[in-house]
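# Coordinate inspection notes
Each chain, written out:
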Amino acid sequence: MRHHTHALAVTAVAAGLSVLASAASAQDAVQVDEIIVTARKTSERLQEVPLAITALNAEEMQRRGIREVTDLSSIAPGLNIEKDQGRRFERPVIRGQANVFGSPNAASFIDGVYIPDSLFATEMAFVDQVEVIKGPQSALYGRQTFSGAISYTTRKPSQEVEGLIRATAAEHDEYNFLMGLSGPLVKDVLSAQASVNYYTYGGEYRNNAPGTPSDGKTIGQEKTVGGTLALMYTPTSELSFILRGSYAHNNDGHEPMAIQRSTANNCYLNTRTQYYCGAINVTPDMIGLNLDEVGGGGVERKTGRLSLTAEYDHGGYTLTSISAYNDSEEHRKADLDYLPQRLLGGSLHVDDRVNIKGFSQEFRIASPRAERLHWMAGAYYFNSDRWDGRYRYVSRALQNNGTIETENLAAFGLVGFDFTDKLSGTAEVRVAEEKLHLTGGDSNFDYEATYRSTNPRFTLSYKATDDLMFYGLAARGNKPGGFNTDVRLSPADRSYGEETAWNYELGFKSDLFDRRVRLNVAGYYIDWSNQQMTQVANLSATETVSFIRNVGEVEVKGVEVEAQTKITSDWSVRGTFAYADSEYTNATDPDFATLTGGDGDVRGKAIPNAPKIQYSLGSNYAWYVGENRFFVDGTYSFRSKKYDQVANLAWVDGRDTANVQLGWERGPHRVILFGRNIFDNIDPVGIVRYSDFTTNRRGFVGSLPRGRQIGLTYEANF
């Protein structure tokens, strides 16, 4: 384990101040790049939007090595995403608003279309920009944006032929080939865009199960084959239609997870389950799985998506329609005792299955943004069916947990007014009704629930100068309740209620020293009610099941800082800092009550799975030799410890990573030699409070990250 102190943070801040001073005194006429964002569903300058947003364009993403959503943690203060359980749980945590399982509190969108899982590489091929929008976005984005949203904007199919070829080879048998092509089919009327991707990663950890055929087998492999096709039809200069379809097939090995056994427990030893207090210690040699009885283990997911976006622009007024359909099927073959023995008669050797089908439709109309009074109004409909079940290999029987149908209907709107040329205000609201219906399954379920919500956001901004803006806002977010579908649960644990939060924020955005330095700061307070959290029910001395319940009230106080500077036209330095101090003000934990013999009061404790401190420091330097451009880019990032559960007894230690890119560019060609996690930090990234089924006492499952990886990428754009 590695231990950190705040001395590193102080050093980073001091270095940042030194850089800012250097930038201020330098004489080169250079400026920080301008960025246009669409966080409020219209194009605006980043520095003029009164929201905390981190934005990065495609070129910067490639130069910094941002290849998947988990890499965004190193650039966006207040965002934490780690592969806690392989590629199954890429759940964003924004401003400390975390959960353990269940639906994440933040969601991803591509061109305004909700993405229920991670983006495909083929969908990323023509991504122009990514925006991380912090704070509740329920007013404009609706479902799943309780704490924020991640929005991807793509290039439209082009009227001129353009293409992309990207090939990567790296250690541990990682190979990634991506090819995209865009161009006209009928000049100025019909154009197309297509991309294909083949990706494989061989894994780096070995299974330690002596005496079994799977001993020494590599785990943690990843494989994706996918494709995306888009068509754009523009019958007139005012009317356009974009049809986009994507398909991907993921076939991954068993997640690299290991259990810290109950023999390590060091507190509450006089109770039946015992506990471990402190930082868990999970290492690669502790991985021991019975893979032979679960078909080798792993996760297979097939996902198809289809969307149609229509836009009509007349006289500055824009009418938009977005229709989308998603169909996914997942099988997870896993050894859920995380031990090589055949425990509990093999009942934990399972194939968990999930099928999700969903449709959404959004209509909206917006007035010209340049008007003193501007507005937007819209309506939204969402319908999905989610079925899940568990197949047990030992009994060859399927546990059918039934189907949840979700239907959401909403109306939303925005009104903005410029009181003066410096003072502006915006009021937004979303009124929604969500109906849930749980049916079928082994228990022949028939449960219904309805949740109604009104989520406003009020914003004031004051532009002191062309390069300095102050703002304040208040926003409400909600996440509807739901059903725990495992048929083994009691009726009392079958459902959980809605959670809500008010977010109050003050901040400023500034471009200083002739726009050579950009400094954006936001401070916030979140009042969170009826928080949904995963807990564990003990069905017997040898059987447990996870479920979601409402644990109580939480407060989160925090600050986010994002800074960057251009020292010269070819040298830039950047840094981020985030502090999210969460505290339960009224909450209980039944498991903690069992341990202590008390009432389970966890007031004063912090939210699990959410780091209190995050920071990063990076730099990019370029130089030229003739027509050749060379660059080096480096990023160091750190996040503090994350707790296992609301009682804060166990945790994973703070963790740092460092990535380096060395690149060459000439014309359409680019070659990048990269090093990921160059200090080879393999401390666990996630923790789950679990059971050691050899003793039926408390154990803890940790997730291991990738170690150091050196690789090479070639890219050509034409």
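Every value quoted in this text rests on a predicted model; they were computed, and no experiment measured them. (Residues numbered from 1 in each chain as written. Predicted model: local features only at pLDDT ≥ 70, side-chain atom pairs only at ≥ 80, totals over all residues. Heavy atoms only, no water.)

## Some words on the pattern of salt bridges
Under the counting rule described, the total for this entry stands at 46 salt bridges. Put simply, Arg 676 and Glu 174 hold a salt bridge, and the shortest N to O gap is 3.0 Å. Of the two residues, Arg 676 is situated in strand β39 (residues 669-676) and Glu 174 in strand β12 (residues 174-186); the sequence distance between them amounts to 502 residues. The burial state of Arg 676 is the same as that of Glu 174; both residues are buried. The closest approach of N and O atoms between Lys 435 and Glu 433, which form a salt bridge, is 3.9 Å. Residue class for Lys 435 comes out partly exposed when judged on its relative accessible area of 39%. When salt bridges with common partners are traced through the structure, they connect Glu 59, Arg 63, Arg 166, Arg 629, Glu 665, Arg 670 and Glu 715 into a single cluster. (Salt bridge = Lys/Arg side-chain N within 4 Å of Asp/Glu carboxyl O. Helix = DSSP H or I, 4+ residues; strand = E, 2+ residues; numbered from the N terminus. Buried < 20%, exposed > 50% of the residue type's maximum accessible area, 1.4 Å probe, protein only.)

## Details of the sheet that holds strand β40 (residues 686-692)
The 3 strands lie next to each other as β18-β41-β40, forming an open sheet whose pairing is antiparallel. Looking at strand neighbours, the two that pair on one side only are β18 (257-260) and β40, the edges of this open sheet. When strand polarity is set aside, the average angle formed by the axes of neighbouring strands in this sheet is 30°. (Pairing = 2+ DSSP bridges. Axes fitted to C-alpha atoms, helices over the stretch in contact; angles between N-to-C directions.)

## Observations regarding unusual backbone geometry
Positive phi is not limited to glycine here, since Gln 274 has a value of about 60°. Despite not being glycine, Arg 396 has its phi angle at roughly 55°, a positive value. Relative to the elements of secondary structure, Arg 396 occurs in the loop between β23 (373-392) and β24 (397-418). The exposed category is assigned to Arg 396, whose relative accessible area is 72%.

## What about the state of the cysteines?
Here the structure, examined in full by the defined rule, presents 1 disulfide. Here Cys 267 pairs with Cys 277 through a disulfide, and the sulfurs are 2.1 Å apart. One quick way to see it: the torsion about the S-S bond of Cys 267 and Cys 277 is about 90°, and its sign makes the bridge right-handed. Of this pair, Cys 267 sits in the loop between β18 and β19 (278-279) while Cys 277 sits in the loop between β18 and β19; the two residues are 10 residues apart in sequence, bridging distant segments of the chain. (Disulfide = S-S within 2.5 Å.)

## Focus on the side chain of Gln 193
Its location among the elements puts Gln 193 in strand β13 (residues 190-201). A polar contact of 3.1 Å, which involves the side chain of Gln 193, links it to the backbone oxygen of Arg 155. Filtering out sequence-adjacent residues up to four positions away, Gln 193 remains in contact with Phe 126, Arg 155, Lys 156, Pro 157, Leu 181, Ser 182, Thr 228, Leu 229, Ala 230 and Arg 244. (Polar contact = N/O pair within 3.5 Å; in protein donor to acceptor, adjacent residues only side chain to side chain. Contact = heavy atoms within 4.5 Å.)

## Structural notes on the side chain of Gln 260
Among the secondary structure elements, Gln 260 is positioned in strand β18. Among all residues touching Gln 260, those that are not within four sequence positions of it are Tyr 276, Ile 280, Asn 281, Val 282, Met 286, Gly 699 and Phe 700.

## Section: the packing of aromatic side chains
This structure, assessed with the given rule, holds 22 aromatic pairs. For the pair Tyr 233 and Phe 241, a centre-to-centre distance of 6.2 Å together with 20° between the ring planes defines the contact as stacked. With 6.1 Å between their ring centres and 45° between their planes, Tyr 447 and Phe 483 make a pair best called tilted. With Tyr 447 in strand β26 (residues 445-465) and Phe 483 in strand β28 (residues 482-483), the pair connects residues that are 36 residues apart, well separated along the chain. Members of the aromatic cluster, each reached through a chain of ring pairs, are Phe 109, Tyr 114, Tyr 141 and Phe 382. (Phe/Tyr/Trp six-rings, centres within 6.5 Å; stacked < 30°, edge-to-face > 60°.)

## Some words on the environment of Arg 516
Among the secondary structure elements, Arg 516 is positioned in the loop between β30 (499-512) and β31 (517-540). Given a relative accessible area of 4%, Arg 516 falls into the buried group. The spacing of Arg 516 and Asp 388 is 128 residues in sequence and 53 Å in space, taken between C-alpha atoms.

## Things to note about a nonpolar patch on the surface
The grouping of Trp 571, Tyr 621, Trp 623, Val 625, Val 632, Val 660, Leu 662, Leu 673, Ile 710 and Leu 712 at the surface amounts to a nonpolar patch, some 810 Å² of accessible area in total. Of all the elements in the fold, those that place two or more residues in the nonpolar patch are β34 (613-625), β38 (655-666) and β42 (709-717). A per-element tally of the nonpolar patch places β34 first, with 3 residues. Its place among the elements puts Leu 662 in strand β38. Overall, Leu 662 belongs to the partly exposed group, its relative accessible area being 41%. (Patch = residues over 30% accessible without salt bridge, like charges linked within 9 Å, V, L, I, M, F, W, Y side chains within 5 Å. Areas by Shrake-Rupley, 256 points an atom, 1.4 Å probe, with all protein chains shown as cover.)

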